[in-house]
Amino acid sequence: MKQVAILGSTGSIGMNTLDVIRNHPDRFKVVALTAGKQIEKLAEQCAEFKPAIAVVSDVNGAASLSKLLLDKQIKTQVLYGPAALVAAVTESNCDTVMAAIVGAAGLVPALAAAKAGKRVLLANKEALVMSGDLFMQAMKQGGGELLPIDSEHNAIFQCLPNQFTKNPNPSLGVEELWLTASGGPFRNTPLEQLADITPEQACAHPNWVMGRKISVDSATMMNKGLEVIEAFWLFGLPLEKIKVLIHPQSVVHSMVRYRDGSVLAQLGQPDMRTPIAYGLAWPERIEAGVAPLSLTQLAALSFSEPDLARFPCLSLAFSAAKAGGIAPTVLNAANEVAVAAFLDEGLPYLRIPEVVEKTLSAISAANADSLEFILEVDARARKLAKEFICKH
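The sections below set out a description of the structure shown in this document.

Calculation notes
Residues numbered from 1 in each chain as written. Predicted model: local features only at pLDDT ≥ 70, side-chain atom pairs only at ≥ 80, totals over all residues. Heavy atoms only, no water. Salt bridge = Lys/Arg side-chain N within 4 Å of Asp/Glu carboxyl O. Helix = DSSP H or I, 4+ residues; strand = E, 2+ residues; numbered from the N terminus. Buried < 20%, exposed > 50% of the residue type's maximum accessible area, 1.4 Å probe, protein only. Pairing = 2+ DSSP bridges. Axes fitted to C-alpha atoms, helices over the stretch in contact; angles between N-to-C directions. Contact = heavy atoms within 4.5 Å. Parallel < 35°, antiparallel > 145°, perpendicular 65-115°, else oblique.

Summed over the entire model, instances satisfying the criterion amount to 22 salt bridges. Between Arg382 and Glu336 there is a salt bridge whose closest N-O contact spans 2.9 Å. Here Arg382 is found in helix H15 (residues 371-390), whereas its partner Glu336 is found in helix H13 (residues 327-343), with 46 residues between them in sequence. Assigned by exposure class, Arg382 and Glu336 land together as buried. The shortest N-O distance in the salt bridge between Glu387 and Lys383 comes to 2.8 Å. Of this pair, Glu387 and Lys383 are both found in helix H15, 4 residues apart, which corresponds to roughly one turn of the helix.

This next bit is on the sheet that holds strand S3 (residues 53-56). Pairing is parallel in the open sheet, where 7 strands are placed in the order S4-S3-S2-S1-S5-S6-S7. Either end of the sheet is taken by a strand with one partner, and the two such strands are strand S4 (77-80) and strand S7 (145-148). Shown here is a sheet whose adjacent strand axes are inclined to one another by a mean of 25°, direction ignored. Pairing analysis gives 4 bridges linking S3 to S4, with the strands arranged parallel. In the strand pairing of S4, Val56 is matched with Tyr80. Packed onto the sheet, helix H2 (residues 39-49) meets strand S2 (28-34) and S3 and runs at close to 175° relative to S3. Set on the sheet, helix H6 (residues 126-142) makes contact with strand S6 (119-122) and S7; between it and S6 the angle comes to about 165°.

Okay, the packing of helix H12 (residues 312-323) against H13 next. The description of two packed helices rests on the angle between their axes and on the distance between the axes. Two elements in contact, H12 and H13, have axes whose closest approach is 7 Å; the angle formed by their N-to-C orientations is 150°. By the angle between their axes, H12 is roughly antiparallel relative to H13. In this structure, H12 contributes Leu316, Ala317, Ala320 and Ala323 to the contact, and H13 contributes Ala327, Pro328 and Leu331.

So, on to the environment of Gln73. Position of Gln73 relative to the elements: it lies in the loop between helix H3 (59-71) and S4. Classification of Gln73 as exposed rests on a relative accessible area of 72%. With 305 residues separating them along the chain, Gln73 and Asp378 place their C-alpha atoms 41 Å apart.

Interpretation note: all reported values are geometric properties and have no functional meaning in isolation.
Below is the structure:
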């Protein structure tokens, strides 16, 4: 019986994780749940799964959750704040942590899970984007297991030899990793129409059901750029061997090209329960609640290279990845601020990459050699990005 802590249980990944667990009560027990502001939804989850610990962001949320749980006669301990997120993975007796808090807020608890030697199911991009070297060192020192949950990285993980992630030996013949991208809702939109894009349009992803922030990142393809940085740290290949392909059907979730001419691909429905189930039960495979893929009913599958004029955020991400050091941290922070401003209708869609580029240019290169420095750079980049937005 695996003991599971879910960081971000009220978000899309968290709810899908609970759905998989719900169908396997003999295999998984939820011992900790965390959420930000969705207190009532968290209370419902606590009533069903009865975790030992529940964490919210602030004292007011904790008071509201405590009252709701008291009314339901649920004895879950309620905690709040950043330190409580760490407690959820270190004091709940969990052995498996779903790291699904969106943004930089998920970095510290994910790092704590790595240091504690847990099986980390990583759905939080920022842990590797902001602190890739530190995070991978923490995983090595902790002796736990790191399983990627993003559909693309999970697909690559499935297509690689089992020993590759621990020892990316050239003799295993891996030549390139191909990350697929749907291209989002605007891949065919005339460029002159992008100036008037609304948050509602940007959040209307054609294939996946996702949160608002990640939906915008998919539309700009910043999401794919962050995934390139993730793949660099996860799989140990040089950046020039990590490619991005537009694949509108979202059936092929990613591919690995081998030296002998073989290309291995992982195919499936666009449903996050597949990679979640794979991560929870690995190396076994369990029922995920996902409908079978019928190749006979599919239209033709198409692939193309991304247009960097249409998707400048992808180009910025590759540049930050090549620069290394703190550049990915700055990239991520500026993008989070810019996307938040766009969603609040305080920034035009086309200015998102402009804010990111200005912030990258304003902060000098340096090594990302400590968590404290990374968090300091993150805060500085956010402040600068907000200043650039106010000037528009």
